[in-house]
Amino acid sequence: MLTLDPVSLSQHLIRRESVTPDKGDALDFLAGALTTLGFKCHKLTFEEEGTEPVPNLYARFGSEGPNFCFAGHTDVVPVGAADHWSVAPFAAEVRDGQLFGRGAADMKSAIAAFVVAAERFLASRDTPPNGSISLLITGDEEGMAINGTRKVLDWLNERGEEVDMCLVGEPTNPTAMGQMIKIGRRGSLHGVITVKGTQGHVAYPHLAKNPIPDLVKVLATLEGSLDEGNASFQSSNLEIVNIDIGNESHNVIPAEAKSRFNVRFNNEFTPESLKAELSRRMDSAGVTYEVDWWLSGDSFLTERGPLSDAVSSAVESRLGVKPELSTTGGTSDARFIKDMCPVVEFGLVGATMHKVDEHVAVADIHALTDIYEDVLKRLIG
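Residues numbered from 1 in each chain as written. Predicted model: local features only at pLDDT ≥ 70, side-chain atom pairs only at ≥ 80, totals over all residues. Heavy atoms only, no water.

K.L.:
Would you explain helix α5 (residues 212-220) in this entry?
P.N.:
Three- or four-residue spacings in an α-helix give side chains the same orientation, since the helix completes a turn every 3.6 residues. Three or more residues of α5 are buried, namely D214, L215, V218 and L219. Seen from one end, α5 has its buried residues packed into an arc of 140 degrees, which puts them on one side. Elements in contact with the buried residues of α5: β10 (187-196), β12 (237-244), β14 (256-265) and α6 (271-283). (Buried < 20%, exposed > 50% of the residue type's maximum accessible area, 1.4 Å probe, protein only. Helix = DSSP H or I, 4+ residues; strand = E, 2+ residues; numbered from the N terminus. Arc of directions from axis to C-beta. Contact = heavy atoms within 4.5 Å.)

K.L.:
Sorry if this is basic, but what is going on with the layout of surface pockets here?
P.N.:
Over the atoms rolls a probe the size of a water molecule, and in doing so it shows where empty space is left. Approximately 680 Å³ is the volume attributed to the largest pocket. E141, G330, T331, S332 and R335 are the residues nearest the centre of the largest pocket, which is lined by 34 residues in total. Listed by contribution, the elements that provide at least two residues to the lining of the largest pocket are β8 (180-182), β10, β14, β15 (290-297) and α8 (334-337). No other element matches the three residues that β15 contributes to the lining of the largest pocket. Per-class residue counts for the lining of the largest pocket are eleven nonpolar, 14 polar and nine charged. Among the elements of the structure, α4 (149-159), β15 and α8 are those that each provide at least two residues to the lining of the second largest pocket. Considering each element in turn, the lining of the second largest pocket owes the most residues, four residues, to α4. For the lining of the second largest pocket, a count of residues per class yields four nonpolar, three polar and six charged. (1 Å grid on protein atoms, 1.4 Å probe; cavity = no way out; pocket = protein on both sides within 12 Å on 5 of 7 lines; lining within 4 Å. Points joined across faces, edges and corners; volume = space filled by probe spheres on them. Nonpolar A, V, L, I, M, F, W, Y, C, P; charged D, E, K, R; others polar.)

K.L.:
Can you walk me through the packing of aromatic side chains in this structure?
P.N.:
Describing an aromatic ring pair means giving the distance of the ring centres and the angle of the ring planes. Inspection of every chain in the model, using the stated rule, returns seven aromatic pairs. Consider the rings of F70 and F114, whose centres lie 4.5 Å apart with planes at 20 degrees: the pair is stacked. Of the two residues, F70 is situated in strand β3 (residues 67-73) and F114 in helix α3 (residues 104-123); the sequence distance between them amounts to 44 residues. When sorted by exposure, F70 lands in the same class as F114, which is buried. Relative to Y372, the ring of F114 has its centre 5.2 Å away and its plane inclined at 40 degrees; by these criteria the two rings are tilted. Taken together, the positions of F114 in helix α3 and Y372 in helix α9 (residues 362-380) put the pair 258 residues apart, joining distant regions of the chain. (Phe/Tyr/Trp six-rings, centres within 6.5 Å; stacked < 30°, edge-to-face > 60°.)

Here is the structure:
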């Protein structure tokens, strides 16, 4: 059996500099630890034209159902300006009860908690569990998420292997452990608007057509609320995030103007109905435009049931706090997993994720490990 505690295992993972996409060092170390525990490990590398190959890991202990899956990612965002950190970003140093390092919060410490919770759960039993434990760990969550979780799920489907319930270890708690379990997420729709004109000299506007005023008219139609939200979700929200003219000259009318926007949308919309509503608004500007759409994830809601009840009860039992069941925040790979099985998210405090001096409390890592072990006991014990 392993001799590492969850903090030591977190440090080992953080010291693998797996800036997205993970090239495999952290995943290989993780596979070695899981193999020691008796998990059957599959390292799965996927790629598409124009993208980097990405290694992923699927590990399973047992063959009977139900198959309870821990899911997460070993890739991390870049450190930014390393000299702004008070500690070396990948040294995994513990100071004053806090573990520092890129990935400490998001989410290598949660992965360590997965492993140690599984070890303790299996070691506490004289008989096999009433089901299987699996881990689905990708190296491609912080990047394009093309060659990661979605493709592992496709691989599982091709093998006829089912996941019956899944817990994603994203850092769900805003400021303190036990505050929040994610039971759904808003979807994310991107759009790029292009308005074309005719380039020319600013002194001869009659010989040119400036696309900028028309782009402004289109963007003005996107102002205003999309919906009021509902009992499960906050309202949908559109943000214009970029305007690109590509013109550095003071005396040239540009030939083209572009703008990019993002909508975080709730289940009041489907992707299709949202596109239709936005197109209706933009058409009302009465100008010629083009729009390219990219859907990075649909909205979803996991209805309350055995999975959310088990996680909520484990949190309350271990911490004495009743967590909020929430759908706030950004997207995660749960948006792919929800197509296979019920999925919820619970992890560490996310206040410093992606920031300089990312860190989590050592005590919180131990608490999370206890909660994950409790969840296993409640669902397949």
